[in-house]
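Observations on chain architecture
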Amino acid sequence: MSLSAIAKPILYSYWRSSCSWRVRIALNLKEIPYDIKPISLIKSGGEQHCNEYREVNPMEQVPALQIDGHTLIESLAIMHYLEETRPQRPLLPQDVHKRAKVREICEIICSGIQPLQNLIVLIHVGEEKKKEWAQHWITRGFRAVEKVLSTSAGKYCVGDEISMADCCLVPQVFNARRFHVDLRPYPIILRIDRELESNPAFRAAHPSNQPDCPPELPNK
């Protein structure tokens, strides 16, 4: 019996974390059953900082995925592991150039945008400046993403098949709206986001559908 059949994977997740959200989408797209263990990033100063969770993820961040007897951290590393161990319903194209474009878009978002407007950074920036700060870095990154999509996009970010790039893009669009970024200059980003909003795997991964989503925010 394989390890994957022994225990259902456990995803340590926070409902509004875009990094957790990417992994939820990937798991859903690949139809991998999993359980969620919520980690509040704000309760009691942040449950991610407690000693117990530090043993799970020494970076004191979400997500972490326990799967196949291993614990994996960092959303892109997790998605690549899922792709390599469960290649059915692929999230990377077969074409080498298209695979590179998927990784390129993922890196722009996961390295060039999201970390700069992450909770830990915004706390350091301060309440008065955090909105302006987040808008600056999201706008800068979305200009680059839109330019890349102008040559790579079909129905989705790269061609007509859903990929890891789409898993990364949708949560970042949600964050952009949270910080009231003007998205009108990015018609391709908006079109792809609209295309995916009704996809069952994306809908199930949405923050409003998570067990730890605050009840007063069902449609956020």
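The rules behind these values
Residue numbers here run from 1 along each chain, matching the order of that chain's written sequence. The predicted origin of the model limits local features to residues at a pLDDT of at least 70 and limits the giving and counting of side-chain atom pairs to 80 or more, whereas totals for whole chains, interfaces and linings rest on all residues. Heavy atoms throughout the structure, all of them, feed into the side-chain values; hydrogens and water do not. UniProt positions are given in the numbering used here, feature names are shortened, and annotations may be inferred rather than shown by experiment. Helix and strand assignments follow DSSP, with helices taken as H or I runs no shorter than four residues and strands as E runs no shorter than two, numbered in order from the N terminus. The globule rule used for comparison is 2.2 Å times the number of residues to the exponent 0.38, while the radius of gyration itself is calculated over C-alpha atoms. To sort residues, take the accessible area from a 1.4 Å probe on protein chains only and compare it with the maximum for the residue type: under 20% means buried, over 50% means exposed, and anything in between is partly exposed. We call two residues contacting when some pair of their heavy atoms lies within 4.5 Å. For accessible areas, the Shrake-Rupley method is used with a probe of radius 1.4 Å. Any residue's cover is judged against the shown protein chains and nothing else. Counting of polar contacts relies on pairs of N or O atoms within 3.5 Å, with two restrictions inside protein: one atom must be capable of donating a hydrogen and the other of accepting it, and residues adjacent in sequence are counted only when both atoms are side-chain atoms. Any two strands between which DSSP finds at least two bridges are classified as paired. Fitting a line to C-alpha atoms yields each axis, with helices limited to the stretch in contact; the angle taken between N-to-C directions then spans 0 to 180 degrees. Handedness of a crossover: with both strands directed away from the viewer, a clockwise path from the first strand across the helix to the second marks it as right-handed. Expected span of a helix: the number of residues minus one, times 1.5 Å.

Going by what an unreviewed UniProt entry lists, the protein is known as maleylacetoacetate isomerase and is assigned to Musca domestica. Among the UniProt annotations of the protein, the heading Catalytic activity (unreviewed entry) holds the following wording: "4-maleylacetoacetate = 4-fumarylacetoacetate".

**Points about the overall build of the protein**
For the protein, the helix and strand inventory stands at 10 helices and four strands. Shown N-terminal to C-terminal, the secondary structure of the protein runs as helices and strands in the order α-β-α-β-α-β-β-α-α-α-α-α-α-α. Relative to its length of 220 residues, the protein is compact, with a C-alpha radius of gyration of 17 Å against a globular reference of 17 Å. For the protein, the C-alpha atoms occupy an extent of roughly 45 × 45 × 30 Å along the three principal directions. Counting only residues that meet the buried cut, the protein has 47% of its 220 residues in that class. In the protein, of all internal contacts separated by at least 6 residues, the share reaching a separation of at least 24 is 66%. Taken as a whole, the protein presents about 11,400 Å² of accessible surface, with 53% of it coming from carbon and sulfur.

**Topic: the side chain of Asp68**
Mapping Asp68 onto the fold places it in the loop between strand S3 (64-67) and strand S4 (70-73). The exposure class of Asp68 is buried, given its relative accessible area of 11%. Within the structure, the side chain of Asp68 is placed 2.6 Å from the side chain of Tyr81, a separation counted as a polar contact.

**What about the sheet that holds strand S2 (residues 35-38)?**
Across the sheet, which stays open at both edges, the four strands sit in the order S2-S1-S3-S4 with mixed pairing between neighbours. If you trace the sheet from one side to the other, it starts and ends with S2 and S4, each paired once. For this sheet the average axis-to-axis angle between neighbouring strands, irrespective of direction, equals 20°. Most of the contacts of helix H2 (residues 18-29) go to strand S1 (residues 10-13), to which it runs at about 150°, and overall it touches S1, S2 and S3.

**Re the UniProt feature "domain: GST N-terminal" (unreviewed entry) in the protein**
Using the residue numbers shown here, the UniProt feature "domain: GST N-terminal" (unreviewed entry) corresponds to residues 7-90. With 35% helix and 19% strand, residues 7-90 has end C-alpha atoms that lie 23 Å from one another.

**Overview of the pairing of S1**
The sheet contact formed by S1 and S2 spans four bridges and is parallel. Bridge assignment links Ile10 to a residue of S2, and that residue is Asp35. The parallel pair S1 and S2 is bridged by H2, and the resulting crossover is right-handed. With three bridges joining them, S1 and S3 adopt antiparallel strand pairing. Paired with Ile10 across the two strands is Gln66, which belongs to S3.

**Looking at the UniProt feature "domain: GST C-terminal" (unreviewed entry) in the protein**
In the numbering used here, UniProt assigns the feature "domain: GST C-terminal" (unreviewed entry) to residues 95-215. Helix makes up 64% of residues 95-215 and strand 0%, whereas the separation of the span's terminal C-alpha atoms amounts to 44 Å.

**Notes on helix H5 (residues 96-112)**
An ideal rise of 1.5 Å per residue puts 24 Å on 17 residues; H5 measures up with 23 Å between its terminal C-alpha atoms. Buried residues in H5 make contact with H2, helix H4 (75-85), helix H7 (130-152) and helix H8 (164-178).

**Description of the environment of Val23**
Along the chain, Val23 falls in helix H2. According to the relative accessible area criterion, Val23 is buried, its value standing at 0%. When near neighbours in sequence (up to four residues on either side) are disregarded, Val23 contacts Leu11, Pro63, Ser75 and Ile78.

**Quick look at H2**
In this model, H2 (12 residues) spans 16 Å end to end at C-alpha, consistent with the 16 Å of a helix rising 1.5 Å per residue. Counting buried positions over the 12 residues of H2 gives 12, a clear majority of the element. Three or more residues of H2 are buried, namely Ser18, Cys19, Ser20, Trp21, Arg22, Val23, Arg24, Ile25, Ala26, Leu27, Asn28 and Leu29.

**Overview of unusual backbone geometry**
Following Val62, the chain continues to Pro63 via a peptide bond in cis, the omega torsion being 10°. By secondary structure assignment, the location of Pro63 is in the loop between helix H3 (51-56) and S3. In this structure, Ser44 takes a positive phi of about 55° despite not being glycine. Mapping Ser44 onto the fold places it in the loop between S2 and H3. Taking the relative accessible area as the measure of exposure, Ser44 reaches 73% and is therefore exposed. For Arg89, which is not glycine, the phi torsion reads 55° and is therefore positive. Tracing the backbone shows Arg89 in the loop between H4 and H5.

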